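Given next are the chains, with one letter for each unit.
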Amino acid sequence: MDLELSVREKELAAKGRDFCDQVLVPLELIADEHGEVPMERRAAIRQAVRDWGLAGINHSKENGGLGLTMVEQTVIEEQLGRVTNGLWSCVWRPPVSLKFGTAAQKRDYLQPSCHGERRGCFAITEPNAGSDPRQVETTAVRKGDRWLLNGEKWFVTSYNASDFIIVHAHVDNDPNKPTLFLVDKPAKGMTHLRSPKFMHNFAFDHAELRFENVEVPADRMLGDVGQGLELTKDWFVEARLQIASHALGAAIRAAEIANDYATNRVQFGKPIRDFQAIEFMLADMAVEIFAAKSMLYRVAWEIDRKIDRKLIHGRASALKLFCSEMAGRVIDKALQILGGRGYMRESPLERLYRDIRVDRIWEGTSEIQRLVVAGQIRKRGFDVYSGWE
Ligand SMILES: Cc1cc2nc3c(=O)[nH]c(=O)nc-3n(C[C@H](O)[C@H](O)[C@H](O)COP(=O)(O)OP(=O)(O)OC[C@H]3O[C@@H](n4cnc5c(N)ncnc54)[C@H](O)[C@@H]3O)c2cc1C
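For clarity, every value in this text was computed on a predicted model and none was experimentally measured.

Caption draft 1: Seen up close, the site of the ligand. Around the ligand lies a shell of 18 residues, among which T125, S131, T157, T365 and E367 are the nearest. Within the contact set of the ligand, a nitrogen atom lies 2.8 Å away from a backbone nitrogen or oxygen of F122. Its free accessible area being 970 Å², the ligand has 63% of it covered by the protein chains. By residue number, the principal contributor to the shell around the ligand is strand 3 (residues 146–157), which donates three residues. Residue composition of the shell around the ligand, by class: nine nonpolar, seven polar and two charged. Built from parts of two domains, the shell around the ligand gets at least three residues from each of domain 2 (120–225) and domain 3 (229–386).

Caption draft 2: Just the UniProt feature "domain: Acyl-CoA dehydrogenase/oxidase C-terminal" (unreviewed entry) in the protein chain, in detail. On the UniProt side, "domain: Acyl-CoA dehydrogenase/oxidase C-terminal" (unreviewed entry) is annotated at positions that read residues 226–375 here. Between the C-alpha atoms that bound residues 226–375 the distance is 23 Å, and the span itself is 77% helix and 3% strand.

Caption draft 3: Spotlight on the packing of helix 8 (residues 309–338) against helix 10 (residues 366–380). Remark: helix 8 packs on helix 10, axes separated minimally by 9 Å, with the N-to-C direction vectors making an angle of 140°. On the basis of the axis angle, helix 8 is oblique to helix 10. The crossing of helix 8 and helix 10 is left-handed. Between helix 8, through K310, L311, H313, G314, S317, A318, K320, L321, S324 and E325, and helix 10, the contact on the second element is made entirely by S366, Q369, R370, V372, V373, Q376 and R380. A per-class count over the contact of helix 8 with helix 10 returns five nonpolar, seven polar and five charged.

Caption draft 4: Geometry of a nonpolar patch on the surface. Where nonpolar side chains cluster on the molecular surface, the patch consists of M1, L3, W301 and W388 and spans about 550 Å² of accessible area. Relative to the elements of secondary structure, L3 occurs in the segment before helix 1 (7–24). The exposure class of L3 is exposed, given its relative accessible area of 71%.

Caption draft 5: Region of the structure containing the pattern of salt bridges. Within this structure, the stated rule accounts for 29 salt bridges. The partner of E78 in a salt bridge is K293, and the shortest N-O contact between them spans 3.0 Å. Taken together, the residues span a long stretch of sequence, with E78 in helix 4 (residues 70–80) and K293 in helix 7 (residues 276–304) at a distance of 215 residues. Here E78 falls in the buried class, since its relative accessible area comes to 5%. Classification of K293 by relative accessible area gives partly exposed; the value is 34%. Between R220 and D184 there is a salt bridge whose closest N-O contact spans 3.0 Å. Residue R220 is located in the loop between strand 7 (206–217) and strand 8 (221–222), and its partner D184 is located in strand 5 (residues 178–184); the two are separated by 36 residues in the primary sequence.

Caption draft 6: The arrangement of the domain arrangement of the protein chain in detail. Assigned domains of the protein chain: these are domain 1 (7–114), domain 2 (120–225) and domain 3 (229–386). The straight-line distance from the C-alpha centre of domain 1 to that of domain 3 is 21 Å. Each partner contributes residues to the interface: domain 1 has 26 residues there, and domain 3 has 29 residues. Together domain 1 and domain 3 conceal approximately 2400 Å² of surface at their shared face, both sides included; 57% is due to carbon and sulfur atoms. When residues of domain 1 are sorted by the area they lose upon contact with domain 3, M70, E78 and R82 head the list and together hold 27% of the total. Where domain 1 touches domain 3, the interface holds six salt bridges. Counting across the interface, domain 1 meets domain 3 through 15 residue pairs in polar contact (both at pLDDT 80 or more). Going through the elements one at a time, helix 2 (28–34) and helix 4 are the ones with two or more residues in the side of domain 1 that touches domain 3. Considering every element that reaches the side of domain 1 that touches domain 3, the biggest residue donor is helix 4, with six residues. Tallied by class, residues from the side of domain 1 that touches domain 3 come to ten nonpolar, eight polar and eight charged.

Caption draft 7: Quick peek at helix 9 (residues 348–356). Within helix 9, eight of the nine residues are buried, which leaves the element mostly enclosed by the surrounding structure. Of the residues making up helix 9, those classed as buried are P348, L349, E350, R351, L352, R354, D355 and I356. Contacts from the buried residues of helix 9 go to helix 2, helix 6 (228–264) and helix 8. N-capping of helix 9 is provided by S347, with a side-chain oxygen placed 3.0 Å from the backbone N of L349.

Caption draft 8: Broad picture of the packing of aromatic side chains. This structure, assessed with the given rule, holds ten aromatic pairs. Here the aromatic rings of F19 and W52 are separated by 5.4 Å at their centres, their planes lie at 75°, and the arrangement is edge-to-face. A residue pair is termed long-range when its members are at least 10 positions apart, and F19 in helix 1 and W52 in the loop between helix 3 (39–51) and helix 4 qualify at 33 residues. Look at F19 and you get buried, because its relative accessible area is 0%. Residue classification places W52 among the partly exposed positions, given a relative accessible area of 24%.

Caption draft 9: Region of the structure containing the side chain of E208. Structurally, E208 can be placed in strand 7. Those residues in contact with E208 that lie beyond four places of it in its chain are K153, W154, T191, H192, L193, R194 and P196.

Criteria and cut-off values
- Residues numbered from 1 in each chain as written.
- Predicted model: local features only at pLDDT ≥ 70, side-chain atom pairs only at ≥ 80, totals over all residues.
- Heavy atoms only, no water.
- Near = heavy atom within 4 Å.
- Polar contact = N/O pair within 3.5 Å; in protein donor to acceptor, adjacent residues only side chain to side chain.
- Areas by Shrake-Rupley, 256 points an atom, 1.4 Å probe, with all protein chains shown as cover.
- Helix = DSSP H or I, 4+ residues; strand = E, 2+ residues; numbered from the N terminus.
- Nonpolar A, V, L, I, M, F, W, Y, C, P; charged D, E, K, R; others polar.
- Domains from an automatic or database assignment.
- UniProt positions renumbered as here; feature names shortened; annotations may be inferred.
- Axes fitted to C-alpha atoms, helices over the stretch in contact; angles between N-to-C directions.
- Parallel < 35°, antiparallel > 145°, perpendicular 65-115°, else oblique.
- Left-handed = near helix turned anticlockwise from the far one by under 90°.
- Contact = heavy atoms within 4.5 Å.
- Patch = residues over 30% accessible without salt bridge, like charges linked within 9 Å, V, L, I, M, F, W, Y side chains within 5 Å.
- Salt bridge = Lys/Arg side-chain N within 4 Å of Asp/Glu carboxyl O.
- Buried < 20%, exposed > 50% of the residue type's maximum accessible area, 1.4 Å probe, protein only.
- Buried area = accessible area lost by both parts, 1.4 Å probe.
- Phe/Tyr/Trp six-rings, centres within 6.5 Å; stacked < 30°, edge-to-face > 60°.

Below, the structure is given as structure tokens:
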């Protein structure tokens, strides 16, 4: 067993760290005060991503991406996770489902998305369909050489940074026919209802959209009728790994800030780390980070080894569950160690505290991850999590 990172993996981690510190961290307070990244700064950030060689991080070279392994992507994403306000999303990851597109769809959507010339957002969630996508009410009905889409989508992340939307709809209102459609912006009949405010101030918005007889040419259907969830499964695995990586990076940054503060802050005549109450918090934080990091790189490595997809799916859920909850606990302790200073808006800990909460909700809530893990145990036994093939 070899658990050492290669020279290339270490170089990529260093690049991710430098990009984070030099390009993204200076934008934190701007994004927090403005509510998102100001429009006039976006082109320069996109160019920086290209200049640093981080464009198309999650796709193969033949599809216009960098052709990185999952471990290579993970070492970069972990470093990007250090930044607040979801600024990691400035380093775009074109939706995985696009790799299942036709040659024309790859040419028109995936390749330009890898290069940062286009950007897509993903719309599944609706007022009555969250954890249970079978409740989706958006319909797609075929009319000659077009599809007509009708429905409403919520929480569409990065809508205002995107020029197309991947819409998950039920063909003929049949929940057994979930299907994906590529909708270009602007689309006649599509209305941007609003982009509400959330607990975090994220790099881009989370929009609510209405579709009224929106016409989509037949060749903009992604995959086949009924394949919507299947194509999205790959996305979920990747997104869950990405969330775990970001949660880990956020927890490490918080722990480092708390460790420094505990060393330098003197009360009652000694550094506060000399109080066991504080040092035990630091110890618990270190152990949690150690466990999460070990888990994360094991799953990333297993993806590169192409082990059984179902096992990967089950383990990615466990990973997302553990890392998102771990980061909540670690950041909470870090903030406590900084006392009142940790609670100030100018402290990265205050922002990390707000940012990290959504990781227990999006891409499947903690409860849904527990359902997946429990289902794996039922079907395959505890070995899925206790074994090491
Ligand atoms: C900031 C943000 C960005 C988002 N971005 C996107 C996006 O880009 N695209 C998109 O399509 N969606 C997006 N989402 C939506 C997100 O994926 C959903 O919020 C999430 O899947 C949960 O759905 P829900 O909020 O409707 O909660 P519900 O499904 O209504 O759940 C409510 C509560 O019930 C629990 N629950 C539900 N079912 C069960 C069960 N079977 N067993 C136990 N507990 C259960 C849940 O865990 C939760 O605690 C985003 C959400 C947020 C907050």
